[in-house]
Amino acid sequence: MSQRQVLQVFEQYQKSRTQFVQTVAELATRPQNIETLQNAGVMSLLRPLLLDVVPTIQQTAALALGRLANYNDDLAEAVVKGDILPQLVYSLAEQNRFYKKAAAFVLRAVARHSPALAQAVVDCGALDALVVSLEEFDPGVKEAAGWALGYIARHNEHLSQAVVEAGALPFLVLCLQEPEVALKRIAASALSDVAKHSPELAQTVVDTGAIAHLAQMVLNPDAKLKRQVFSALSQIAKHSVDLAELVVEAEVFPAVLACLRDPDEYVRKNVTTLMREITKHTPELSQMIVNTGGVAAVIDYLGDCRGNVRLPGIMMLGYVAAHSENLAMAVIVSKGVPQLTLCLSEEREDHVRAATVWALGQLGRHTAEHARAVASAGVLPRLLGLYMDTDSSEDLQVKAKKALKSILQKCTHLPALEPLLYDAPSNILKHVVGQFSKVLPHDSKARRLFVTSGGLKKVQEIKAEPGSALQEHITSINNCYPEEIVRYYSPGYSETLLERVEKYQPV
Amino acid sequence: MARFVRLENKIERIKEEFFIRNRIAEENRPGENRAAIQIQSWFRGCQVRAYLSHLDKHATIIQKTWRGFQARAHFRQMVKAACFIMKMNFYNEMAVRVQRRWRGFYTRKYVHNFYARKRYLEGLMRTNELVRRELGEFAEYQQREREHVAMEREEQENTIQAERLHHLLSTQQRPGVFNSPFRPAPDKMELRLRRAKPRPSRSSPRNRGPLLGSTGTGPFRDPAEVWQQRVCVTEPTLRVQTSPRDLERAQEELHREEWRNRLVDRPFQPFSKAWKDRKYERTVHSTSCFLPLAYGTKHFREERPEQLHGKKPFKTVFTTCHVFDKFGRLYSNAGKIV
């Protein structure tokens, strides 16, 4: 055979290998094919192609492997068990940038499924190779490496610590300053994943000077970038007062309120999360946010959105109101109570309702003015309904009861308390009656109203054990009225009257 | 004597009378005794009563005076006490007024200033209004911007579409698809078609201008011309242009330059044990290819002055440099220790 014929055999073989690997890579983009591919044993076929002579075949094989591992964790396990990772890590250091991108993609696809797989990736020494890739010039390689590091750090504190110890943080902060938006997104997301586990990690992130760069990107037009930036800032701020103060000192504050009107829903949610993490620490921080008009902006946000994304806003209002009565009055004055009542009636999820109920309780528990503002919105019967409803979860019932009790203990607005006399169970009823017994002795108009609205009649019908607090309150209410009135309204009075009529002998 | 006779007649009578009178007296004696006793007791009673009333009067006088004295003393005490209480009440009243003012001032200033709180809440409401209005305006502005951008993009796409469909322009004879005669005015697409310049499709080869030096006679033209017209010069992207080894080459270049510019290749090691096995390096002046020179160890210049022939000796002391003259003396006297 001539030389050309011999070489043709080799060329054919190379062509068929290229075609195989490209087709597999394309098929792996569709989820329905992956089962078939897996059953056909694609892993064992792709493994030797990773060591192929031709660079394009290597890269495409790595890409195909990455797409397969991305799909589910069995395939990722197979990648780990097939000892492919050390080869990839070695080639991360040596090969050209297309291969590096593909290798980083495989590492990311394996690491994202579970902590055990991420630990396996770390054990192969991938972290050092990935950190070295972060120093590359090509932004695509940096993005892939940063993404892989972010997915590794996401699972738990131990893995985040490993990522930090590999020295990834300064490079991630440098990536934040690059002009490519995709790279910035990935860097912000990775920083957010590292900082979220513990205060020490958040402090390490802050020490690399990340906050200033994140703060600069707050008004960037790209929505996905803003999501990640706000998520990172809120993960940093949530751990302690000092970290929250550092975030506030970066002067994000009035500018961030503009992002509350962003068309992207998750940007708004993350902004509210950031505000919640800041306000929950101290009254001074809450005061600062209230003074910049943050509360009004959040209340408007609650009006515009629906569903689970309302939760951070509601919790923020609750935290602000919990600190002091001034701040609670500030929330009330900014029209918070009608909005929260709307949330309570519109939402069906129990955890969102529990949060709303808690926030309302915090608003109403401070003084009589606050309790009056909350009760006038018609909140109390709704709280009672939630407490009594058997469909509500236990958490919701407990919170509803606490909120109800704390508002009732300060409420002196009697028209709002009256509906509660009719439906409440005895442990709530004693508080309601107690409040009546505190207010009625001093206010004659209220006494008159109490009689005409049928409240006195209802109070007489309540059965209470003698000597209990409820009985004492009932007695003190009865003492406010002349005896004939009390007797008139006591149950069975009509029968006694009729008996007297029967017994009467006309003269 | 007549008186004596008369008297003798009376003596018998007198004796009888004496006994009668004695008997009567004896008979009257208890009665009289009783009467006398009564009179005496009455009189004694009067005496005693007079004495008692006398005593009474005096006792009354004494008691009256004493009681008056006691009462007045007691009254004086009462007046003093009342006066004291009145004064104390007055002082208390005044103190309460002062304290009331002070407490009001203190609470309003340091503890809880109701009006400040009221002003704060009003200011907060105004700020909220402002923030809400501004956010609304900002959201509207952004919305308009986005719509504007979207509209421009759409217009751009439509223009490109019009350029591709330029052949659907209506002519004098025949109205085009977009210019139906039944419409009152031509469609917007028609207007775009009128404005658009025909766009060459991508598959046609680039026209390089009039053919240069073509004979036009036969199908076989000069190969050089054909190549010039047909071959499109590739303009590879930066990605394709950069060789995969660029980075390594740049790194090697940097490495070489650093090695070139470095004077001392041996890394600095500050610990003494690192220099343990170091070989002693002689100075340049005393080394030669064969043996170390003896100058500097065995003899010096000054030892053989006759060889010097009037050469000037080396200077051992240099001129001072004034760098450290002001050291420590610029700002404080503490530097004079130096």
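From a predicted model like this one, the values you see are computed outputs, not experimental measurements.

Q: Explain the overall build of chain A residue by residue, including any values.
A: Within chain A, the regular secondary structure consists of 35 helices and zero strands. Burial analysis of chain A (507 residues in total) assigns 52% to the buried set. By sequence separation, contacts in chain A at least 24 residues apart represent 70% of the contacts at least 6 residues apart. Only carbon and sulfur atoms are counted for the fraction: they give 52% of the accessible area of chain A, which is about 23,100 Å².

Q: Run through the overall build of chain B, naming residues and quoting values.
A: Looking only at helices and strands, chain B has six helices and zero strands in total. Walking chain B from its N terminus toward its C terminus, one meets helices and strands in the order α-α-α-α-α-α. Relative to its 338 residues, chain B shows a buried fraction of 8%. Within chain B, contacts between residues at least 6 apart in sequence are counted, and of these 30% link residues at least 24 apart. For chain B, the computed accessible surface area is about 32,500 Å², with 59% contributed by carbon and sulfur atoms.

Q: Run through the environment of Tyr 71 of chain A, naming residues and quoting values.
A: Residues and elements named next belong to chain A. On the secondary structure map, Tyr 71 appears in helix α4 (residues 55–71). We classify Tyr 71 as partly exposed; its relative accessible area is 37%. Tyr 71 has contacts with Pro 31, Ile 34 and His 113, leaving out every residue within four places of it along the chain.

Q: Go over the pattern of salt bridges, please, and point to the residues and values.
A: One pass over the structure, following the stated rule, counts 33 salt bridges over all chains. Residue Arg 183 of chain B is joined to Asp 187 of chain B by a salt bridge in which the shortest nitrogen-to-oxygen separation is 3.2 Å. Here the salt bridges do not stand alone but share partners, grouping Arg 306, Arg 310, Glu 346 and Glu 347 of chain A into one network.

Q: Describe in detail the nonpolar core, supporting the description with residues and values.
A: Residues Leu 46, Leu 130, Ile 152 and Leu 214 of chain A are the most contacted members of the largest nonpolar core, which totals 181 residues. When neighbours within four sequence positions are excluded, Leu 46 of chain A is seen to be in contact with Val 21, Val 24, Ala 61, Ala 64, Leu 65 and Leu 68 of chain A.

Q: Can you explain unusual backbone geometry? Please cite residues and give values.
A: Residues and elements named next belong to chain A. For Glu 251, which is not glycine, the phi torsion reads 60 degrees and is therefore positive. You can see Glu 251 is positioned in the loop between α17 (241–249) and α18 (253–258). A residue is classified by how much of its surface remains accessible, and Glu 251, at 68% relative accessible area, is exposed.

Q: Describe in detail the packing of helix α2 (residues 114–164) of chain B against helix α3 (residues 188–195) of chain B, supporting the description with residues and values.
A: Residue and element names in this part refer to chain B. Where α2 contacts α3, the two axes come as close as 9 Å, and the packing angle between them is 65 degrees. Classified by the angle between their axes, α2 and α3 sit roughly perpendicular to one another. Between α2 and α3 the crossing geometry is right-handed. Along its contact with α2, which presents Glu 155, Asn 158, Thr 159, Gln 161 and Ala 162, the element α3 presents Met 189, Arg 192 and Leu 193. Looking at the contact of α2 with α3 residue by residue, the classes come out as three nonpolar, three polar and two charged.

Q: Report on helix α27 (residues 379–388) of chain A, specifying residues and quantitative values.
A: Residues of α27 of chain A that are buried include every one of Val 379, Leu 380, Leu 383, Leu 384, Leu 386 and Tyr 387 of chain A, and no others. Looking down the long axis of α27 of chain A, one finds its buried residues gathered within 160 degrees of arc, a one-sided arrangement.

Q: Quick one: what's the story with the confidence of the model for chain A, residue by residue and with numbers?
A: Mean pLDDT over chain A stands at 91; residues scoring 70 or higher make up 100%. When the elements of chain A are averaged for pLDDT, helix α6 (residues 84–94) of chain A gives the smallest value, 85, and helix α22 (residues 311–323) of chain A the largest, 96.

Q: Any details on the packing of aromatic side chains? Residues and values, ideally.
A: Residue and element names in this part refer to chain A. A complete count under the given rule lists 13 aromatic pairs over all chains for this structure. Ring geometry for Phe 436 against Phe 450: centres 4.8 Å apart, planes inclined by 35 degrees, an arrangement best described as tilted. Note that Phe 436 is positioned in helix α30 (residues 426–439) and Phe 450 in helix α31 (residues 444–452), a separation of 14 residues in sequence. Its relative accessible area of 1% is what places Phe 436 among the buried residues.

Q: Could you give an account of the packing of helix α21 (residues 294–304) of chain A against α2 of chain B, naming the residues involved and the relevant values?
A: Contact pair α21 of chain A / α2 of chain B: the axes reach a minimum separation of 8 Å and the direction vectors enclose 50 degrees. Regarding the angle of α21 of chain A to α2 of chain B, the classification is oblique. Of the two possible hands of crossing, α21 of chain A and α2 of chain B adopt the one that is right-handed. Each of Ala 296, Ala 297, Ile 299 and Asp 300 of chain A in α21 of chain A lies in contact with α2 of chain B, whose residues at this interface are Asn 128, Arg 132 and Leu 135 of chain B. For the contact of α21 of chain A with α2 of chain B, a count of residues per class yields four nonpolar, one polar and two charged.

Q: Before we move on, can you summarise the side chain of Arg 310 of chain A with the specific residues and values?
A: Residue and element names in this part refer to chain A. Inspection of the secondary structure puts Arg 310 in the loop between α21 and α22. A distance of 2.8 Å separates a polar atom in the side chain of Arg 310 from a polar atom in the side chain of Glu 347. Dropping the residues within four chain positions of it, Arg 310 is found in contact with Leu 302, Gly 303, Cys 305, Cys 343, Glu 346 and Glu 347.

Q: Which residues make up a nonpolar patch on the surface, and what values do they have?
A: Residues and elements named next belong to chain B. A grouping of Phe 84, Ile 85, Met 88, Phe 90 and Tyr 91 is seen on the molecular surface, where their side chains present a nonpolar patch of about 530 Å² in accessible area. Tracing the sequence through the fold places Phe 84 in helix α1 (residues 2–111). Classification of Phe 84 as exposed rests on a relative accessible area of 52%.

What counts and how
- Residues numbered from 1 in each chain as written.
- Chains lettered and ligands numbered in written order.
- Predicted model: local features only at pLDDT ≥ 70, side-chain atom pairs only at ≥ 80, totals over all residues.
- Heavy atoms only, no water.
- Helix = DSSP H or I, 4+ residues; strand = E, 2+ residues; numbered from the N terminus.
- Buried < 20%, exposed > 50% of the residue type's maximum accessible area, 1.4 Å probe, protein only.
- Contact = heavy atoms within 4.5 Å.
- Areas by Shrake-Rupley, 256 points an atom, 1.4 Å probe, with all protein chains shown as cover.
- Salt bridge = Lys/Arg side-chain N within 4 Å of Asp/Glu carboxyl O.
- Core = buried A, V, L, I, M, F, W, Y, C linked by side-chain atoms within 4.5 Å.
- Axes fitted to C-alpha atoms, helices over the stretch in contact; angles between N-to-C directions.
- Parallel < 35°, antiparallel > 145°, perpendicular 65-115°, else oblique.
- Left-handed = near helix turned anticlockwise from the far one by under 90°.
- Nonpolar A, V, L, I, M, F, W, Y, C, P; charged D, E, K, R; others polar.
- Arc of directions from axis to C-beta.
- pLDDT = per-residue confidence, 0-100.
- Phe/Tyr/Trp six-rings, centres within 6.5 Å; stacked < 30°, edge-to-face > 60°.
- Polar contact = N/O pair within 3.5 Å; in protein donor to acceptor, adjacent residues only side chain to side chain.
- Patch = residues over 30% accessible without salt bridge, like charges linked within 9 Å, V, L, I, M, F, W, Y side chains within 5 Å.

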